[in-house]
Amino acid sequence: MSEMDDLAAFAVLVEAGSFTLAAQRLGCSKGQLSKRLSALEARYAVVLLQRTTRRLDLTAAGAALLPQAQALVAQVERAHQALARLKDEMAGPVRLTVPVSLGETFFDGLLLEFSRHYPQVQIELDLNNSYRDLTRDGFDLAVRSEVASDQRLVARSLLAWHEMTCASPAYLEQYGEPQTPAQLAEHRCLLNSHYSGREEWLYHQRHELLRVRVSGPFASNHYNLLKKAALVGAGIARLPSYVLHSELADGRLRWLLRDYQTRSMPMYLVHPYQGGLPRRTQVLADYLMDWFRRSGEALDRL
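Residues numbered from 1 in each chain as written. Predicted model: local features only at pLDDT ≥ 70, side-chain atom pairs only at ≥ 80, totals over all residues. Heavy atoms only, no water.

### Thoughts on the overall build of the chain
A count of helices and strands for the chain gives 10 helices and 13 strands. Taking 2.2 N^0.38 as the reference for a compact globule, 302 residues should give roughly 19 Å; the C-alpha atoms of the chain span a radius of gyration of 33 Å, well beyond that estimate. A principal-axis box enclosing the C-alpha atoms of the chain has dimensions of 105 × 40 × 30 Å. Counting contacts in the chain only where the partners sit at least 6 residues apart, residues at least 24 apart contribute 72% of the total. (Helix = DSSP H or I, 4+ residues; strand = E, 2+ residues; numbered from the N terminus. Rg over C-alpha atoms; globule rule 2.2 N^0.38 Å. Contact = heavy atoms within 4.5 Å.)

Set out below in structure tokens:
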């Protein structure tokens, strides 16, 4: 046993008032406890306790040492309590709501990675494009493309995505690659039916706005369906950059018209305003911020 252990045993012994009770609290025998006290007295070359069959009396040396020993025990107890609180804060549910396309694209892999680091945190993921009142509906975090002027909410910039014009190598081999936005009028384009102006695609170059009328065989309000159609060579699609990480990286889709700018949209990580987030929620929020930062850097390198 270390000197600190012996000091703690001394403090417990004085508090208990008997070797029997102290040994029970420490989980050792009375003989072992007696040896630890003797070792402590030998180390300091003093007598700490006057022992009789009925009582234990502190000597002057014991009285001087006792407050230090008690402080040591209290410090150890505080350390245990701090770790227990941290463990409690790092366990339990976190409710998170995100747009459907974002959740379907990579939140499964992202959260699986997070769970390997924090297995006691239980994440409830809600995929929904509708507005959610975080306080009323009981959500801890949300990812949103727009942030209303709601003083109950705190918003942190998560990522900025832009639309990318893309097609599969098979499509480009059959129909050729457009070199300018105007040439899209001659191609099979995959339209987003969520937008009322889906047949007009806008591009910018050197402060000039270019409008192109497009048409094609398929329209959908679902980004991942449009991506699947592009992957099988059905046409050219305009998709958010955040749904294209792996397809662009492995060459299943190619980024077209890179010299022309398209619309860009921010996304925010939002949570209800509080004096301080629970530890498990703060850790997940920080993890999301870092994950999207790294994803954006990877996309910039393509």
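### Examining the confidence of the model for the chain
Should pLDDT be low for a region, the predicted coordinates there are not to be read in detail. Here the chain averages 86 in pLDDT, and 93% of its residues register 70 or above. Element-level pLDDT for the chain is lowest in helix α4 (residues 60-89), with a mean of 74, against a maximum mean of 97 in helix α7 (residues 169-175). (pLDDT = per-residue confidence, 0-100.)

### Side note on the domain arrangement of the chain
As assigned here, the chain comprises domain 1 (3-86), domain 2 (92-157 + 267-300) and domain 3 (161-264). Distance between the C-alpha centres of domain 1 and domain 3: 75 Å. (Domains from an automatic or database assignment.)

### Digging into the packing of helix α2 (residues 19-26) against helix α3 (residues 30-44)
Interhelical geometry of α2 versus α3 gives an angle of 95 degrees and a closest axis separation of 9 Å. With respect to α3, the axis of α2 lies roughly perpendicular. For the pair α2 and α3, the contacting residues are F19, T20, A22, A23 and L26 in the first and K30, L33, S34 and L37 in the second. A breakdown of the residues in the contact of α2 with α3 according to their chemical character gives 6 nonpolar, 2 polar and 1 charged. (Axes fitted to C-alpha atoms, helices over the stretch in contact; angles between N-to-C directions. Parallel < 35°, antiparallel > 145°, perpendicular 65-115°, else oblique. Nonpolar A, V, L, I, M, F, W, Y, C, P; charged D, E, K, R; others polar.)

### Observations concerning the pattern of salt bridges
A full pass over the atoms with the stated rule returns 15 salt bridges. The salt bridge partner of R136 is D137, with a shortest N-O separation of 3.2 Å. A residue is classified by how much of its surface remains accessible, and R136, at 63% relative accessible area, is exposed. Assessed through its relative accessible area of 23%, D137 is described here as partly exposed. Of the charged contacts in the structure, one is a salt bridge between E200 and R211, with a shortest N-O distance of 3.2 Å. With E200 in strand β8 (residues 200-205) and R211 in strand β9 (residues 208-213), this residue pair connects regions lying 11 residues apart in the sequence. (Salt bridge = Lys/Arg side-chain N within 4 Å of Asp/Glu carboxyl O. Buried < 20%, exposed > 50% of the residue type's maximum accessible area, 1.4 Å probe, protein only.)

### Regarding helix α1 (residues 3-16)
Compared with the 20 Å implied by 1.5 Å per residue over 14 residues, the 20 Å span of α1 between its first and last C-alpha is a close match. Residues D6, L7, A9, F10, A11, V12, L13 and A16 constitute the buried set of α1. Two residues or fewer after α1 comes G17, characterised by a positive phi angle close to 85 degrees. (Expected span 1.5 Å × (residues − 1).)

### Points about the packing of aromatic side chains
What the rule picks out here adds up to 5 aromatic pairs. Their ring planes at 90 degrees and their centres at 5.8 Å tell us that W161 and Y242 sit as a pair that is edge-to-face. Of the two residues, W161 sits in strand β6 (residues 153-167) while Y242 sits in the loop between β11 (236-240) and α9 (245-249), which places them 81 residues apart along the sequence. Exposure class is identical for W161 and Y242. Each is buried. The structure contains a cluster of three or more aromatic residues connected by ring pairs, namely F114, Y118 and Y287. For the cation-ring pair, R95 lies above F139, with the distance from its terminal atom to the ring centre recorded as 4.1 Å. In this arrangement the basic side chain of R238 is found over the ring face of Y203, its NZ or CZ atom lying 4.7 Å from the centre. (Phe/Tyr/Trp six-rings, centres within 6.5 Å; stacked < 30°, edge-to-face > 60°. Lys NZ or Arg CZ within 6 Å of the ring centre and 35° of its normal.)

### Describing the side chain of R144
As for its position among the elements, R144 is in strand β5 (residues 141-144). Under the relative-accessibility criterion, R144 is labelled buried at 12%. Residues in contact with R144, not counting those within four places in the same chain, are Y131, R132, D133, L134, L153, P266, M267, Y268 and V270.

### Quick word on the side chain of H271
On the secondary structure map, H271 appears in strand β13 (residues 264-272). When near neighbours in sequence (up to four residues on either side) are disregarded, H271 contacts L134, D140, L141, R152, L153, V154 and L277.

### What to know about the nonpolar core
Proteins that are soluble and globular tend to have nonpolar side chains buried together. Membership of the largest hydrophobic core comes to 39 residues, with the highest contact counts inside it found for F107, L288 and F292. Breaking this core down by element, the ones donating at least two residues are β3 (92-98), α5 (100-117), β5, β6, α8 (223-231), β11, β13 and α10 (279-300). Per-element tally for this core: the top contributor is α10, with 8 residues. Two domains each provide a minimum of three residues to this core, namely domain 2 (92-157 + 267-300) and domain 3 (161-264). In contact with L288, other than residues within four places in its own chain, are L96, F107, L110, L141, L158 and L269. (Core = buried A, V, L, I, M, F, W, Y, C linked by side-chain atoms within 4.5 Å.)

### With respect to the environment of R263
As for its position among the elements, R263 is in the loop between β12 (254-256) and β13. Looking at R263, the relative accessible area reads 32%, which means it is partly exposed. It is 6.2 Å that separates the C-alpha atoms of R263 and E163, two residues lying 100 residues apart in sequence.

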